[in-house]
Amino acid sequence: GENVEQHPSTLSVQEGDSAVIKCTYSDSASNYFPWYKQELGKRPQLIIDIRSNVGEKKDQRIAVTLNKTAKHFSLHITETQPEDSAVYFCAARLSNYQLIWGAGTKLIIKP
Amino acid sequence: GAVVSQHPSRVICKSGTSVKIECRSLDFQATTMFWYRQFPKQSLMLMATSNEGSKATYEQGVEKDKFLINHASLTLSTLTVTSAHPEDSSFYICSARGGHGEQFFGPGTRLTVL
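The model shown is predicted, which means the values in this text are computed figures rather than measured ones.

Rules behind the numbers
Residues numbered from 1 in each chain as written. Chains lettered and ligands numbered in written order. Predicted model: local features only at pLDDT ≥ 70, side-chain atom pairs only at ≥ 80, totals over all residues. Heavy atoms only, no water. Helix = DSSP H or I, 4+ residues; strand = E, 2+ residues; numbered from the N terminus. Rg over C-alpha atoms; globule rule 2.2 N^0.38 Å. Buried < 20%, exposed > 50% of the residue type's maximum accessible area, 1.4 Å probe, protein only. Contact = heavy atoms within 4.5 Å. Areas by Shrake-Rupley, 256 points an atom, 1.4 Å probe, with all protein chains shown as cover. Lys, Arg positive; Asp, Glu negative; His and termini not counted. Charge placed at Lys NZ, Arg CZ, Asp CG, Glu CD. Salt bridge = Lys/Arg side-chain N within 4 Å of Asp/Glu carboxyl O. Buried area = accessible area lost by both parts, 1.4 Å probe. Polar contact = N/O pair within 3.5 Å; in protein donor to acceptor, adjacent residues only side chain to side chain. Nonpolar A, V, L, I, M, F, W, Y, C, P; charged D, E, K, R; others polar. Pairing = 2+ DSSP bridges. Axes fitted to C-alpha atoms, helices over the stretch in contact; angles between N-to-C directions. Phe/Tyr/Trp six-rings, centres within 6.5 Å; stacked < 30°, edge-to-face > 60°.

**Focus: the overall build of chain B**
Link 1 in the chain: Along chain B, the regular secondary structure elements total 0 helices and 11 strands.
Link 2 in the chain: Helices and strands in chain B line up, N terminus first, as β-β-β-β-β-β-β-β-β-β-β.
Link 3 in the chain: The globule rule puts the C-alpha radius of gyration for 114 residues at 13 Å, and the 13 Å found for chain B is close to it.
Link 4 in the chain: Here chain B holds 114 residues, and the buried ones make up 49% of them.
Link 5 in the chain: When contacts within chain B are restricted to residue pairs at least 6 apart in sequence, long-range pairs at least 24 apart make up 53% of them.
Link 6 in the chain: Accessible surface computed for chain B: about 5600 Å², of which carbon and sulfur atoms make up 51%.
Link 7 in the chain: Charge centroids of chain B, computed over 11 positive and 9 negative side chains, lie 6 Å from each other.

This is how it looks when you write it as structure tokens:
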């Protein structure tokens, strides 16, 4: 079946540094790639998304890049802050609107 | 933005009982809702896709007779965990599909089966 691989599973960075999380997907027909932030015991929150007709999208400290040929997409967080600590999930949407989820990355921001 | 509610937020029940979880889209109509289960430190696992007015589509390995889904209106889908057992204890999250295909998530239901 279709799958999304996400790396790393855990990422620890110094406050103020940048964090990068990478995902690859298998379904070449996927055309929408959201990123979610989930805090413990809470619902996933959409933080940024990108569609297949765009290579990069930025929103303040958060950016996402997409390489459709290689089927890679990445989340970049700059100037990390303590409140960025959470689990981040990437996903790829299938043609039937189902989301295929990555396994998640636990981001730890060290003070 | 679109709001999805889920009720109850937390439930504790005895083994063998049934539990119903409601998912409502409050300010939009959702022809499609998704039900997920999330175990500790794991990703969301899609259980089933619920379409208004038709039978739900279950993912492989999910027992349709144990996890009953009803999507009787454009704003409400329910998941009933029948004859719950301790291994069914998990975080259950629904999402509703918006007009542009995006998914809006409910706050989740923490189910604990004793």
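So much for the structure itself; the text now carries on.
**Some remarks on the pattern of salt bridges**
Link 1 in the chain: Inspection of the entire model under this criterion finds 6 salt bridges over all chains.
Link 2 in the chain: Between Arg24 of chain B and Glu22 of chain B there is a salt bridge whose closest N-O contact spans 3.4 Å.
Link 3 in the chain: Residue class for Arg24 of chain B comes out partly exposed when judged on its relative accessible area of 33%.
Link 4 in the chain: We note a salt bridge from Lys66 of chain B to Asp88 of chain B, for which the minimum N-O separation is 2.9 Å. In this pair, Lys66 of chain B is assigned in the loop between β6 (57–58) and β7 (67–73) and Asp88 of chain B in the loop between β8 (76–81) and β9 (90–97), connecting sequence segments 22 residues apart. Assigned by exposure class, Lys66 of chain B and Asp88 of chain B land together as buried.
Link 5 in the chain: One salt-bridge network, held together by shared partners, links Lys37, Glu39 and Lys42 of chain A.

**Comments concerning the interface of chain A and chain B**
Link 1 in the chain: With 16 residues of chain A at the contact, the number on the chain B side is 21 residues.
Link 2 in the chain: Counting each side, the surface lost to burial between chain A and chain B is near 1400 Å², with a carbon and sulfur contribution of 52%.
Link 3 in the chain: On inspection of chain A and its partner chain B, the count reaches 0 salt bridges.
Link 4 in the chain: One can count 9 residue pairs in polar contact (both at pLDDT 80 or more) joining chain A with chain B.
Link 5 in the chain: Breaking the side of chain A that touches chain B down by element, the ones donating at least two residues are β4 (32–38), β9 (86–93) and β10 (99–101) of chain A.
Link 6 in the chain: Take the side of chain A that touches chain B: its biggest share by element is 3 residues, from β4 of chain A.
Link 7 in the chain: For the side of chain A that touches chain B, the per-class residue count stands at 8 nonpolar, 4 polar and 4 charged.

**Re the sheet that holds strand β7 (residues 62–67) of chain A**
Residue and element names in this part refer to chain A.
Link 1 in the chain: With antiparallel pairing, 5 strands are arranged side by side in an open sheet as β1-β3-β8-β7-β6. The sheet terminates laterally at β1 (4–7) and β6 (56–59), the two strands that pair on one side only. The sheet shows a mean angle of 15° between the axes of neighbouring strands, taken without regard to direction.

**Thoughts on the side chain of Glu102 of chain B**
Link 1 in the chain: Tracing the chain through its elements places Glu102 of chain B in the loop between β9 and β10 (103–105).
Link 2 in the chain: Buried charge without a partner: Glu102 of chain B forms no salt bridge, and the closest opposite charge is Arg93 of chain A, 5.9 Å away.
Link 3 in the chain: Residue contacts for Glu102 of chain B: discarding those within four places in its chain leaves Tyr32 and Arg93 of chain A together with Ala96 and Arg97 of chain B.

**A word on the packing of aromatic side chains**
Link 1 in the chain: A complete count under the given rule lists 11 aromatic pairs over all chains for this structure.
Link 2 in the chain: Centre to centre, the rings of Trp101 of chain A and Tyr36 of chain B are 5.8 Å apart; their planes meet at 85°, and the pair counts as edge-to-face. Here Trp101 of chain A is found in strand β10, whereas its partner Tyr36 of chain B is found in strand β4 (residues 32–38) on a different chain.
Link 3 in the chain: On the numbers, 5.7 Å between centres and 75° between planes, the contact of Trp101 of chain A with Phe105 of chain B is edge-to-face. Taken together, the residues span two chains, with Trp101 of chain A in strand β10 and Phe105 of chain B in strand β10. Residue Trp101 of chain A shares its accessibility class with Phe105 of chain B, and that shared class is buried.
Link 4 in the chain: One aromatic cluster is present, built from ring pairs that chain together Tyr36, Phe89 and Trp101 of chain A together with Tyr36 and Phe105 of chain B.

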